[in-house]
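Structure at a glance
So you can see what is in the structure, the chains are spelled out below.
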Amino acid sequence: MIEFSDLESIFLDDSIVIHKILKKGGKQPLNSKAKNYIAEKISEVYEIDQNLNLNAKKGELLKINNKSITLDSDFLKKLIVADSSNVEQTFQQIIMKKKAFSICFDDYSYMYSRGRGYKDTSGINQIDSLLEIFKVKTELSNATSEKGNLISSSTDFEDTSVFKIVENIHSTADFILCDDLGGEWADHIIFDEQDKSVIFIHSKYKQVANSASDLHEVVGQAIKNLGYMWFTNTLLETKQDKFSRTYNGPNVRSSVPRCRKGNMNELMQFIIQLQKDPHLIRKCVICCTFLSKSQLEVEFEKIKNGNKVGAQIPQIFWIISSFVHAAKEINIIPEIYCVA
């Protein structure tokens, strides 16, 4: 699993051009469609065969060294980016320098991440507590898209979109802000005085059941932005202008207000008062239509009993475990909204 969150800025910054090395020499800049394709390929979780090939492809493999494991990819070597000093690096070099990949094993208790190997001796004991963070939201079974089909005249997200369902789940909150696109901290930021909470929600819609690749992507985004949950009032003020506008982005134009609930003129005074509450809690929520709690309970029970499980399950276990540990380290409550 390549840690896409370490590379995301390259794809989000329009001033950064990605070039592909051509077979006959020279290089060609990638258009937006090609960049999106590269982002999708990097975000995937890849299977490793007995010859250490990724998905049995030649030129895409792992190398086992004396003290490390390295990724050797012809595909990544052909992609070049230049930094602000115009120094060029391949994606292969960037990933290796950042040690931005993780490896799971058939024995789920082992993990290789950030250039180091780990053994989770308490893993089996963690399974029940990991499952407790899953909150079944039956409404998610009605979702058919992430945001719906937005047009310039749209004033709301479609009822069957994950975004709208999330807003309905938190309809009693004081403020619901859509921060998706453009320097986002989360898809939704929610402030609730009655619940005494600040909630960051990261949503992803997919139909594929229990997908490690999709979970890896959304968890990476959540972990990257955890620090913003301890925002200062001054930092939040810098986002007021964004929240006062409609939901627009590079490929989206709509009339949907980003302030989904609440009065923007009262936001900062409300936040100042809310943060004075000694009982205030902070939650980071992953909202996924492709995770089934009942199915994961069955698969995790197999792990506890020492039975064989599919390759996706150990990966999902480690991805969830990393999310929980990262959140709890900075006193944030982790939760996952899922289907039954």
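All right, on to helix α4 (residues 91-98) then. Regarding α4, the residues found buried are F91, Q92, I94 and I95. Each buried residue of α4 sits inside an arc of 165° when the element is viewed along its axis, so together they form one side. The positive-phi residue at the C-terminal boundary of α4 is K99, with phi of around 50°.

We now examine the pattern of salt bridges. Under the counting rule described, the total for this entry stands at 17 salt bridges. We note a salt bridge from E217 to K204, for which the minimum N-O separation is 3.3 Å. On the criterion of sequence distance, the pair formed by E217 in helix α7 (residues 212-224) and K204 in strand β13 (residues 197-204) is long-range, its members being 13 residues apart. Here E299 and K302 are joined by a salt bridge, their closest N and O atoms 3.4 Å apart. One end of the pair, E299, and the other, K302, are both in helix α11 (residues 293-304), three residues apart, so they sit about a helical turn from each other. Take E299: its relative accessible area is 19%, and that puts it in the buried class. Since its relative accessible area comes to 29%, K302 is described here as partly exposed. What you see here is one network of salt bridges that share partners, running through D156, K164, E167 and R260.

What follows concerns the sheet that holds strand β12 (residues 188-192). An order of β10-β16-β15-β13-β12-β11-β14 is seen for the seven strands of this open sheet, with the pairing classed as mixed. Looking at strand neighbours, the two that pair on one side only are β10 (134-136) and β14 (259-261), the edges of this open sheet. Adjacent strand axes in the sheet meet at a mean angle of 25° when their direction is disregarded. Where β12 and β13 come together, five bridges link them in antiparallel fashion. Across the sheet, I189 pairs through a bridge with F200, a residue of β13. On top of the sheet, α7 reaches β13 and β15 (281-292); it is set at about 165° to β15, its chief contact. Contacting β10, β15 and β16 (333-339), α11 runs over the sheet at an angle of about 85° to β15.

Applying the stated rule across the entire model yields one cavity of 30 Å³ or more. Size it by volume and the largest cavity reaches roughly 40 Å³. For the largest cavity, the full set of lining residues is I2, E3, F4, S5, S43, S213, H216, E217 and G220. Looking at the lining of the largest cavity element by element, the count peaks at four residues for α7. Per-class residue counts for the lining of the largest cavity are two nonpolar, five polar and two charged.

Rules and cut-offs
Residues numbered from 1 in each chain as written. Predicted model: local features only at pLDDT ≥ 70, side-chain atom pairs only at ≥ 80, totals over all residues. Heavy atoms only, no water. Buried < 20%, exposed > 50% of the residue type's maximum accessible area, 1.4 Å probe, protein only. Helix = DSSP H or I, 4+ residues; strand = E, 2+ residues; numbered from the N terminus. Arc of directions from axis to C-beta. Salt bridge = Lys/Arg side-chain N within 4 Å of Asp/Glu carboxyl O. Pairing = 2+ DSSP bridges. Axes fitted to C-alpha atoms, helices over the stretch in contact; angles between N-to-C directions. Contact = heavy atoms within 4.5 Å. 1 Å grid on protein atoms, 1.4 Å probe; cavity = no way out; pocket = protein on both sides within 12 Å on 5 of 7 lines; lining within 4 Å. Points joined across faces, edges and corners; volume = space filled by probe spheres on them. Nonpolar A, V, L, I, M, F, W, Y, C, P; charged D, E, K, R; others polar.

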